[in-house]
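Close look at the chain arrangement
Each chain, letter by letter, is given below.
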Amino acid sequence: MRLLMEHPTFSTIVVNPLSRALGAEIEGVDLSQPLEDAQFEDIQNALFTFGVIGFRDQTLSHQNQIDFALRFGTLEVHPIVKGMEGHPEIIRMHKPAGTPASFGVGWHSDNSFFVQPSLGSIVYAETVPPVGGDTLFANQQLAYDMLSDGLRKTLEGLVAIHSAKEAYTSPTALEKYDSDGPISYKKSDIIEKFVEHPVVIKHPVTGKKALYVNAMFTHHFKGWTMEESKPLLEFLSTHATREDFQCRFKWQKNSLVMWDNRVVQHAALNDYVDYDRTLYRVTVNGTTLN
Ligand code: SIN
């Protein structure tokens, strides 16, 4: 994922960048239809080039969304967040009017607490607020590139410990266990687990380096105490989500967005309390990060 000037051309799709840092909207694709291999390859290359790709005006069934996701790999059934009945691999991210948003709020990379974190998330919008409810994304390859040589050297070889515990036992999370509310959680051993990932990872396909720590799930550095880890983690989390590393996606009904979790952090905004918002998320399984 590089800056705008350097992006390649694509023969089967039209690509309109969202910001100088990352993200693009793609035209010329109907995701309700099976994709030709050449078009899928262009979409996949656009994902690896821009980190976040969005499609407008897609009329999709749950199965269409699943079929698109299956082109990228196998699908995850989330160990904590309950999936939909009949479609366990789909999470219905519903926020009713009058309640604050409490899912996906705050910068993170989906499921970095997995031994093999998610390759990507694919989200389809059914109901969107008339204002607000955008999602922000930040380019972690750019975040790595923009560190000083000295800090990049310090981070090489450093390992971070990730955990779901704090995020999934916060007061707003605890309310969701076995609830009949809009999002429901189930108890899972994964909440007690600590997993290791390098602080600097290489993208499994492009080989490009990216910073891989996030404020929601990164707990401490391996071999460091939490007190020792905190200042550097705070610096890296703030640096990683700098405004000039970001793009913003403004949802419309029937928009679909996919992002590459290995190289992108995201944050859902909680700025539309008076309105409903309903999105459907499918997550593609990833691999061990090196
Ligand atoms: C998420 O998948 O973390 C939430 C995305 C959103 O609601 O915008």
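See the structure shown above.
These lines cover the structure that appears in this document, whether it is placed above or below. Since the model is a prediction, treat every value here as computed from it, not as a measurement.

**Description of the site of the ligand**
For the ligand, the full set of nearby residues is M93, G104, H108, D110, T135, W259, H266, A268, R277, L279 and R281. Note that an oxygen atom of the ligand is positioned 2.8 Å from one of the side-chain N or O atoms of R277. Contact distances for the ligand include 2.9 Å between an oxygen atom and a side-chain N or O atom of R281. Look at the ligand: alone it shows 260 Å² of surface, and the protein chains cover 99% of it. Listing elements by their share of the shell around the ligand, those giving two or more residues are β14 (264–268) and β15 (277–284). Top contributing element to the shell around the ligand by residue count: β15, with 3 residues. Of the residues assigned to the shell around the ligand, the class counts are 4 nonpolar, 4 polar and 3 charged.

**Structural notes on unusual backbone geometry**
One non-glycine residue, D57, lies in the positive phi region at around 55°. Tracing the backbone through its elements, the reader meets D57 in the loop between β3 (52–55) and α2 (62–70). What makes D57 exposed here is its relative accessible area of 61%. Backbone geometry at N111 places phi at a positive 60°, although glycine is not the residue there. Looking at the secondary structure, you find N111 in the loop between β4 (90–95) and β5 (120–127). Residue class for N111 comes out buried when judged on its relative accessible area of 2%.

**Remarks on the packing of aromatic side chains**
According to the stated counting rule, one finds 12 aromatic pairs in the structure shown. Centre to centre, the rings of F68 and F72 are 5.3 Å apart; their planes meet at 80°, and the pair counts as edge-to-face. Side by side, F68 and F72 carry an identical accessibility label, which is buried. On the numbers, 5.4 Å between centres and 80° between planes, the contact of Y177 with Y185 is edge-to-face. Comparing Y177 with Y185, the two get one shared label, buried. Taken together, the ring pairs in this structure connect F113, F114, Y168, Y177, Y185 and F217 into an aromatic cluster.

Calculation notes
- Residues numbered from 1 in each chain as written.
- Predicted model: local features only at pLDDT ≥ 70, side-chain atom pairs only at ≥ 80, totals over all residues.
- Heavy atoms only, no water.
- Near = heavy atom within 4 Å.
- Polar contact = N/O pair within 3.5 Å; in protein donor to acceptor, adjacent residues only side chain to side chain.
- Areas by Shrake-Rupley, 256 points an atom, 1.4 Å probe, with all protein chains shown as cover.
- Helix = DSSP H or I, 4+ residues; strand = E, 2+ residues; numbered from the N terminus.
- Nonpolar A, V, L, I, M, F, W, Y, C, P; charged D, E, K, R; others polar.
- Buried < 20%, exposed > 50% of the residue type's maximum accessible area, 1.4 Å probe, protein only.
- Phe/Tyr/Trp six-rings, centres within 6.5 Å; stacked < 30°, edge-to-face > 60°.

Purely geometric stuff here, so don't read any function into it on its own.
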